[in-house]
There are 2 protein chains.
Amino acid sequence: MRIVVARCQVDYAGRLTAHLPMATRVLMLKSDGSVLVHSDGGSYKPLNWMSPPCTVKEGLSEDGQTEWLVEAKSGDSLRILIEEVVADSRHDLGVDPGLQKDGVEKHLQELLAEHPATLSEGLVLVRREFPTAIGPVDLMCRDAGGRSVAVEIKRRGEIDGVEQLTRYLELLNRDPALTRRGAVTGIFAAQEIKPQARVLATDRGIACAVVDYDALRGMDDPSQRLF
Amino acid sequence: MRIVVARCQVDYAGRLTAHLPMATRVLMLKSDGSVLVHSDGGSYKPLNWMSPPCTVKEGLSEDGQTEWLVEAKSGDSLRILIEEVVADSRHDLGVDPGLQKDGVEKHLQELLAEHPATLSEGLVLVRREFPTAIGPVDLMCRDAGGRSVAVEIKRRGEIDGVEQLTRYLELLNRDPALTRRGAVTGIFAAQEIKPQARVLATDRGIACAVVDYDALRGMDDPSQRLF
DNA sequence: GCCTGCATATCGTGG
DNA sequence: CCACGATGTGCAGGC
């Protein structure tokens, strides 16, 4: 890892073109060749960058200034013209052991698979990741009357999720084995459901269920409950 | 901007929980309080981070090691336990003049609005950002027969874009003023159209148009380019 | 290797 | 301030 603080100008050409006027920025060069151009603000996203794999060539511009040319195989290129170097250091970081996550959609699905009745009384799990021609349904369940219920789970429920569940229901309702006790219905489950998504779901006869992740986790392991 | 290279362990708690075991990483502290934890690989995305606005408090852990506690108003927190500092520097970057982009969807829409006939022969523009109850249609046009044609423009055409255009068409076809000369049809225009999106569009009677951005820009006045 | 779907997405724009 | 659409999205998992 090489970190350079420098007054520089950056030009990107690839899927779009982009330009950064001359200013002082932080340039991070990772050992896989990738380059990040950061300003002192914004968020984690750099102003400009080149994703690996790519190569960096250091050279001289027409007027004798240092110039880095970063190129990817796709043809994308990043040209960094350096007017003044403020700092330049290298560090050996080694390989990172990587990030461990907890609380993403997969965990929500696991918990709801164990407690389907929290979505609707009497609901029983048939199987997780129920296969269809256009992809797996998160949970396939059966209600007290034996009718099939497809559940789509999202961390945040937006309009796309409702569209996805609608496509599944359209397909599932062509299957005689599933519709024997009546049409397959849908439940859209999420920790948070956006108003527009709720309107669309309701309009299509899809039920909405707001899920409390912490409460579910509490049912799973009572020792984690506060009271 | 403060840049620290250190052997550290990181724990995030917020919308999810995440953990990074002890290893050497680069910590970038921006002047707005935001913190980035980078490894020597991956891409532009840090392993872990905290978005502004947030506050950083430097303290001591139970066993006397340096500990940073980064907190956002939302309750999200990042705890960085530092075992060994390899480097620590500060730099005044000033305010960045910002990024200028060219070639995003907005520009594609402008160019197609000027040259609608490249989508389909005889097509004439009625208006850009044609309003509907569920959002504006990118281009509303009329074909040689006077029939209304709704155009949805994407840089990359995927299934979501087809769904979006389908919703517009459903609504537009309820408007007697638009359907006087026949049903409103749709064109899905993009620089690249994914196979599944094309299949879905075709199935719904929506035409697909692959757009050549460079050719369109060539038809346009070159002096109007940003740079 | 391509394709699909999730994400602590981030970011701008328009109400 | 909230909500929605675009993004050089990145990234992991499946086929």
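As annotated in an unreviewed UniProt entry, chain A carries the name Endonuclease NucS and comes from Nocardioides scoriae. Regarding chain A, the relevant UniProt record gives this comment under Subcellular location (unreviewed entry): "Cytoplasm".

Draft legend 1. Structural detail: the sheet that holds strand S13 (residues 207-210) of chain B. Residue and element names in this part refer to chain B. The strand order S9-S10-S11-S12-S13 describes an open sheet built from five strands, whose pairing is mixed. The open sheet is flanked by strand S9 (124-130) and S13, the only strands paired with a single partner. This sheet shows a mean twist of 30 degrees between the axes of neighbouring strands, independent of strand direction. For strand S10 (residues 137-142) and strand S11 (residues 148-157), the ladder comprises four bridges, and the chain directions are antiparallel. Across the sheet, residue Leu139 finds its bridge partner in S11, namely Val151. In the packing of helix H2 (residues 159-172) onto the sheet, contacts are made with S9, S10, S11 and strand S12 (185-193), and the angle to S11 comes to roughly 165 degrees.

Draft legend 2. Here's a closer look at the side chain of B:Gln109. Residue and element names in this part refer to chain B. Following the sequence through the fold, Gln109 ends up in helix H1 (residues 105-114). Side-chain polar atoms of Gln109 contact the side chain of Arg128, separated by 2.9 Å. If near-sequence neighbours (up to four positions away) are discounted, Gln109 is found in contact with Arg128, Glu129, Asp138, Leu139 and Ile153.

Draft legend 3. Quick peek at the pairing of strand S10 (residues 137-142) of chain A. Residue and element names in this part refer to chain A. The buried fraction of S10 amounts to five of the six residues, a majority that puts the element mostly inside the structure. As defined by bridge partners, strand S9 (residues 124-130) adjoins S10 across five bridges and the pair is classed as antiparallel. Looking at the pairing, Arg128 lines up with Leu139 of S10. The turn linking S9 back onto S10 is made up of six residues, and Gly135 within it adopts a positive phi angle of 125 degrees.

Draft legend 4. Inspection of the packing of helix H2 (residues 159-172) of chain A against helix H3 (residues 195-203) of chain A at higher detail. Residues and elements named next belong to chain A. Interhelical geometry of H2 versus H3 gives an angle of 25 degrees and a closest axis separation of 8 Å. Relative to H3, H2 is oriented roughly parallel. Read as a crossing pair, H2 and H3 show a hand that is right-handed. Where H2 abuts H3, its residues Ile159, Val162 and Glu163 lie against Gln196, Ala197, Leu200 and Ala201.

Draft legend 5. Geometry of the interface of chain A and chain B. Facing the 53 residues of chain A at the interface are 54 residues of chain B. In this assembly, chain A and chain B are joined by four salt bridges. Residues B:Arg25 and A:Asp96 are paired through a salt bridge, measuring 2.5 Å at the closest nitrogen-oxygen approach. The set of elements that each furnish at least two residues to the side of chain A that touches chain B consists of strand S1 (2-13), strand S2 (17-29), strand S3 (35-38), strand S4 (48-50), strand S7 (77-90), strand S8 (100-102) and H2 of chain A. When residues of the side of chain A that touches chain B are assigned to their parent elements, the largest contribution, 11 residues, is made by S2(A). Of the residues contributing to the side of chain A that touches chain B, the split by class is 24 nonpolar, 16 polar and 13 charged.

Draft legend 6. Structural detail: the protein's contact with DNA strand C. Surveying the vicinity of DNA strand C reveals 19 residues, the closest of which are A:Lys101, A:Lys154, A:Arg155, B:Asn48 and B:Gln196. The sugar-phosphate share of atoms of DNA strand C within 4 Å of the protein amounts to 80%. In the model, a phosphate oxygen of DNA strand C is placed 3.3 Å from a nitrogen or oxygen of the B:Trp49 side chain. A distance of 3.1 Å separates a phosphate oxygen of DNA strand C from a polar atom in the side chain of B:Ser51. Going through the elements one at a time, strand S11 (148-157) of chain A together with strand S4 (48-50) and helix H3 (195-203) of chain B are the ones with two or more residues in the surface near DNA strand C. Partitioning the surface near DNA strand C into residue classes produces eight nonpolar, four polar and seven charged.

Draft legend 7. Representation of the domain arrangement of chain A in the model. With domains assigned, chain A is organised as domain 1 (2-90) and domain 2 (105-224). The C-alpha-based centres of domain 1 of chain A and domain 2 of chain A are spaced at 46 Å.

Draft legend 8. Representation of H2(B) in the model. With 14 residues, H2(B) ought to run about 20 Å at 1.5 Å a step, and its terminal C-alpha atoms sit 20 Å apart, in line with that. Those residues of H2(B) that sit buried are B:Gly161, B:Val162, B:Glu163, B:Leu165, B:Arg167, B:Tyr168, B:Leu169 and B:Leu172. Taken together, the buried residues of H2(B) touch H2 of chain A together with S9, S10, S11, S12 and H3 of chain B.

Cut-offs used in this document
Residues numbered from 1 in each chain as written. Chains lettered and ligands numbered in written order. Predicted model: local features only at pLDDT ≥ 70, side-chain atom pairs only at ≥ 80, totals over all residues. Heavy atoms only, no water. UniProt positions renumbered as here; feature names shortened; annotations may be inferred. Pairing = 2+ DSSP bridges. Helix = DSSP H or I, 4+ residues; strand = E, 2+ residues; numbered from the N terminus. Axes fitted to C-alpha atoms, helices over the stretch in contact; angles between N-to-C directions. Contact = heavy atoms within 4.5 Å. Polar contact = N/O pair within 3.5 Å; in protein donor to acceptor, adjacent residues only side chain to side chain. Buried < 20%, exposed > 50% of the residue type's maximum accessible area, 1.4 Å probe, protein only. Parallel < 35°, antiparallel > 145°, perpendicular 65-115°, else oblique. Left-handed = near helix turned anticlockwise from the far one by under 90°. Salt bridge = Lys/Arg side-chain N within 4 Å of Asp/Glu carboxyl O. Nonpolar A, V, L, I, M, F, W, Y, C, P; charged D, E, K, R; others polar. Near = heavy atom within 4 Å. Domains from an automatic or database assignment. Expected span 1.5 Å × (residues − 1).

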